[in-house]
Amino acid sequence: MIWVDTILQGVLLGGLYALFAAGLSLVFGIMRLVNLAHGDLIVLAAYLILGVTTLLGLHPFLAVFLAVPLMFGIGYALQLGVLNRVLGDDILPPLLVTFGLSIVLQNVLLETASADSRRLPAGETAVEALNLGPVTVGLLPFLTFASAIAVIAALQYLFYRTAMGRAFRAVSDDPVTASLMGIRPASVFALATGIAMVVVTIAALYLGMRATFDPAIGPSRLIYAFEAVIIGGLGSLWGTLAGGVVIGVAQTVGAAINPEWQILAGHVAFLVVLLIRPRGLFPRAVD
Amino acid sequence: MSMNRRRLIQTASAGGLLAASGLAAPALAQGARIRIGYVSPQSGPLAAFSEADQFVIDAFAAATGDTFEVIVKDSQSNPNRAADVAQELIIDDAVSMILVASTPETTNPVATVAESEGIPVLSTTAPWQPWFIGQQGNPTDPGSWRPFDYAFHYFWGLEDVIAVFAAMWDQFDTNGQVGGLFPNDGDGNAWGDPVNGLPPAMSERGYTIVDPGRYQNLTDDFTAQINAFKAANAEILTGVVIPPDFTTFWNQAKQQGFNPKAASIGKAILFPQSLEALGESGHNLSSEVWWTPTHPFSSSLTGQSAAEMAAAFTQATGRPWTQPIGFVHSLFEMAADVMGRVDDADDPDAVAEAIAATELETIVGRIAFDGAGLPPFAATNVAKTPLVGGQWRLNDGVWDLVVVDNSTAPQIPTGGRMQPL
């Protein structure tokens, strides 16, 4: 029974990692941009939610509705003002810009919010449990996983069923031809980053209620996000969820054998997947 | 708080310039102030340990006038940063002595740097084993352990926390199965050590510790530990956990249906803030208690009793009292006493000698490096202070730490009996 529980908890933890990764996957899928500041943007969003929570005395679940449009705006402006200028045939300039952005964000947060570990005050929600027969799972991890599925389903719908999604796919395949058809790649990219920041905010909400955050933890979240994207296969949204689950389960199973192996087991699982399927579990057909 | 600290450092360095210009005259001219460095984790996961720093330093300045200049450094809860700021204090600020407090992650790097640079250092608020043994070249080989020339430490040790926790658990019936949460850090490795730590000592007292292994601090998931404790039917929880991790663990334990009868946790639940973060589920959690307003001691510096000092803190800050108030204050009591007994504050050997000869009644009890209650290898550098056990009770929305066991230090009064969770 312990193994059922261990794997179930790992799957739920995977939901959190999938949320970290979904935004990254989206941005990479559309503009081949590897956003090294992704983890720090999650931390920034967590501080934004915390700020709204403390200022207005709202529950984090309500505060997130104020933080989402703010983060969308930040993402839109970031892409339009900074990242669009460096996108091109060379992948190095955007990489360097986001790397610099990561350092800037960490230090701005350190300066304004101090190095203290913070947590989103979830009250009773934090300890509520769901009794599923032989195992009990926390309400919060369950909501995290449910949100991950909802977010990915929504992104999938947006991508393949809407006009906006068609524009996303068009500029992703061939920006020049897409602009001949009346699509402006610059504003499509800005929209995509804005949406990625909405996903980032949802990830930040669950991260901040589950564990504590401080200005320096961004890069370690980025690693999990990266690994989930790569395990799942670049550009595949459902693959990203699978990737998150693989890391989550590897971590809890590793910890069940010995807690010293918890973090290592996740990274080992990533390397094993790379060895067996270098393009990930569900790679998109052509790239 | 940070603004005040910054201002303090600014004024301190401005004062330093004045003192330096005065030093063009004969050394130790009239009015030259004795420079003391103080390192503590003022931000980061351990920041709660340093809540009383400003209050204590203000009181010290008021009591000693112009004799001392205190240069405060923040370790940011990071051992590497702690070593860096210790270097800064020694090289840039040329301090005569360093005071350091709060967890081996702060005290050890600072004490190691000071010892190697030959600057006297007084340390507290970390059990003495991780402090003394943790700084040795080979912690696993007792034959190679050497005493220090300039580093001194006073606090309780693992033997005390073992006696206190066992005495608290003895107060009611359990099955003797104990879940142990020991992280991979200085405290966790010392407490969980299978030879010198809690597991062997507790089994002598009839308790079996289930130890799933060392985990990384700031972990996202404690399912493995919770399952191991549930499988062993543990009715007691113990460990030495940093405050953010205990909140994560305790929430997950509740979510996954692990409900022990007693939970005695070191380090994580020392402070009212940690209990506020936990909410009602923190009622009757127990921990080691090193200082309370009911401790029958008074300050050699201000004459205040423990109760008066705690009340003054609450009045000055509007915050409930916390245990480090007493210990941080005692560090400065020690500094004033030691410097009062040396002719030349800048002679490290004389200062170290004066520290070793200390015999002082402080706000945390008598401090003397006479080796009482200690094994011979630690007798030169370590002094012990009393330890009792307490439980957090939520009364009308206010968290109160009640001493529930004093079998290890009968001079400290109890305020009630141990209650199950």
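Cut-off values and rules
Residues numbered from 1 in each chain as written. Chains lettered and ligands numbered in written order. Predicted model: local features only at pLDDT ≥ 70, side-chain atom pairs only at ≥ 80, totals over all residues. Helix = DSSP H or I, 4+ residues; strand = E, 2+ residues; numbered from the N terminus. Buried ≥ 20, exposed ≤ 12 C-beta atoms within 10 Å, placed from the backbone. Contact = placed C-beta atoms within 7 Å. Axes fitted to C-alpha atoms, helices over the stretch in contact; angles between N-to-C directions. Left-handed = near helix turned anticlockwise from the far one by under 90°. Nonpolar A, V, L, I, M, F, W, Y, C, P; charged D, E, K, R; others polar. Pairing = 2+ DSSP bridges. Core = buried A, V, L, I, M, F, W, Y, C linked by C-beta atoms within 7 Å. Domains from an automatic or database assignment.

Student: Explain the overall build of chain B residue by residue, including any values.
Tutor: Along the backbone of chain B there are 14 helices and 15 strands. By principal-axis analysis of the C-alpha atoms, chain B measures approximately 75 × 50 × 40 Å. Taken over 421 residues, chain B has a buried fraction of 56%. Taking all contacts inside chain B whose residues are at least 6 apart in sequence as the whole, residues at least 24 apart take part in 71%.

Student: Got a sec to walk through the packing of helix 6 (residues 163-173) of chain A against helix 8 (residues 185-210) of chain A? Specific residues and values, please.
Tutor: Residue and element names in this part refer to chain A. At a minimum axis distance of 10 Å, the contact between helix 6 and helix 8 shows a crossing angle of 115°. For the pair helix 6 and helix 8, the crossing hand works out as left-handed. For the pair formed by helix 6 and helix 8, the contact residues are Ala167, Phe168 and Val171 on the first element and Pro185, Val188 and Ala192 on the second. Taken together, the residues that form the contact of helix 6 with helix 8 break down as six nonpolar, no polar and no charged.

Student: Give a detailed account of the pairing of strand 12 (residues 365-368) of chain B, specifying residues and quantitative values.
Tutor: All names here are of chain B. Examined bridge by bridge, strand 11 (residues 359-362) and strand 12 share four bridges and lie antiparallel to one another. If you follow Leu360 over to strand 12, its bridge partner there is Ile367. Turn length for the strand 11-strand 12 hairpin, with the two strands adjacent in sequence and antiparallel, is two residues.

Student: So, unusual backbone geometry: which residues are in play, and what are the values?
Tutor: Residue and element names in this part refer to chain B. One non-glycine residue, Ala94, lies in the positive phi region at around 50°. With respect to the helices and strands, the residue Ala94 is situated in the loop between helix 3 (79-91) and strand 3 (97-101). With 16 C-beta atoms counted inside 10 Å, the residue Ala94 sits in the partly exposed group. Backbone geometry places Ser102, a non-glycine residue, at a positive phi of 85°. Within the fold, Ser102 resides in the loop between strand 3 and helix 4 (104-117). Judged by C-beta crowding, with 28 C-beta atoms within 10 Å, Ser102 ranks as buried.

Student: Residue-level account of the nonpolar core, with values.
Tutor: For soluble globular proteins, nonpolar side chains are generally found buried alongside one another. In this structure, Leu19, Ala45, Ile49 and Val199 of chain A together with Ile98 of chain B are the most contacted members of the largest nonpolar core, which totals 221 residues. It is helix 8 of chain A that provides the largest number of residues to this core, a total of 17 residues. Summarising the domain contributions, this core has at least three residues from each of domain 1 (2-156 + 293-383) and domain 2 (159-289 + 388-405) of chain B.

Student: Could you give an account of the interface of chain B and chain A, naming the residues involved and the relevant values?
Tutor: Each partner contributes residues to the interface: chain B has 33 residues there, and chain A has 29 residues. Every element with two or more residues in the side of chain B that touches chain A is listed here: helix 9 (223-231) and helix 10 (243-255) of chain B. With seven residues, helix 10 of chain B is the largest single contributor of residues to the side of chain B that touches chain A. Residues that form the side of chain B that touches chain A fall into these classes: eight nonpolar, 21 polar and four charged.

Student: Help me get a handle on the domain arrangement of chain B, residues and values and all.
Tutor: Residue and element names in this part refer to chain B. Along its sequence, chain B is carved into domain 1 (2-156 + 293-383) and domain 2 (159-289 + 388-405). Contacts between the two partners involve 15 residues from domain 1, matched on the other side by 16 residues from domain 2. Those elements that place two or more of their residues in the side of domain 1 that touches domain 2 are helix 4 and helix 5 (128-132). Broken down by element, the side of domain 1 that touches domain 2 gets its largest block of residues, three residues, from helix 4. Among the residues making up the side of domain 1 that touches domain 2, the classes are represented as seven nonpolar, seven polar and one charged.

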